[in-house]
Amino acid sequence: MGLDATIREAGIADRDTVTDIERRAFGRNDEAALTSDLLVDPTAAPCLSLIAVEADRPVGHILFTAARIVAAPRAVVASILAPLAVVPQAQGRGIGGKLIAEGLRRLEARGGDLVFVLGHPGYYRRSGFATAGRSGLEAPYPIPKKDADAWMVRPLRDGIIGAVTGRVVAADTLMRPEYWRE
């Protein structure tokens, strides 16, 4: 049933809808506030904000914001996926995976090279993400050793992994140590 969801780009008029999805998905306001802040942070641009709609009801949201790699030997177009939210009654039906796939497709079409995420390795590996630290791509803040596999990267082009190393810098809103704990 979740695979019947349609994905569309979120605009300014969707701000309340987006924060409502985040609140419902996480059961608290933290991710909604973070998302709201990221959407107006000029250092997060360009960003890609997508909404999943099922039977005319918004059921999921994903946000990709700009990132850069300090001391990279060449310029790359990078993004960070955060957050991904699916409302409780729509979870477990593939909507999150569909949001990720559509976001990756659109980022690749826009010339993106890499997408990073700090999240559950078992979940994100299904979408082609792999541990980033092993590739010499460091998180904005140190990730505890026990959670090192949660810092992940997904290449959007061949030949990027291994050719670029360095520390990732996120949008100003995300550059707080508390956001880098799995």
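Quick summary incoming for the structure in this document.

The rules behind these values
- Residues numbered from 1 in each chain as written.
- Predicted model: local features only at pLDDT ≥ 70, side-chain atom pairs only at ≥ 80, totals over all residues.
- Heavy atoms only, no water.
- Helix = DSSP H or I, 4+ residues; strand = E, 2+ residues; numbered from the N terminus.
- Buried < 20%, exposed > 50% of the residue type's maximum accessible area, 1.4 Å probe, protein only.

Let's talk about unusual backbone geometry
(1) Moving on: Looking along the chain, the bond that leaves Ala-45 and enters Pro-46 is cis, with omega of 0°.
(2) Moving on: Secondary-structure assignment places Pro-46 in the loop between helix H2 (30-40) and strand S2 (48-54).
(3) Moving on: The residue after Ala-82, namely Pro-83, is reached through a cis peptide bond having omega -10°.
(4) Moving on: Not every positive phi belongs to a glycine, and Ala-55 is a case in point at roughly 50°.
(5) Moving on: Here Ala-55 shows up in the loop between S2 and strand S3 (57-70).
(6) Moving on: On the basis of relative accessibility, which here comes to 68%, the residue Ala-55 falls in the exposed class.
(7) Moving on: Phi at Ala-71 is positive, roughly 65°, even though this residue is not glycine.
(8) Moving on: Looking at the secondary structure, you find Ala-71 in the loop between S3 and strand S4 (78-86).

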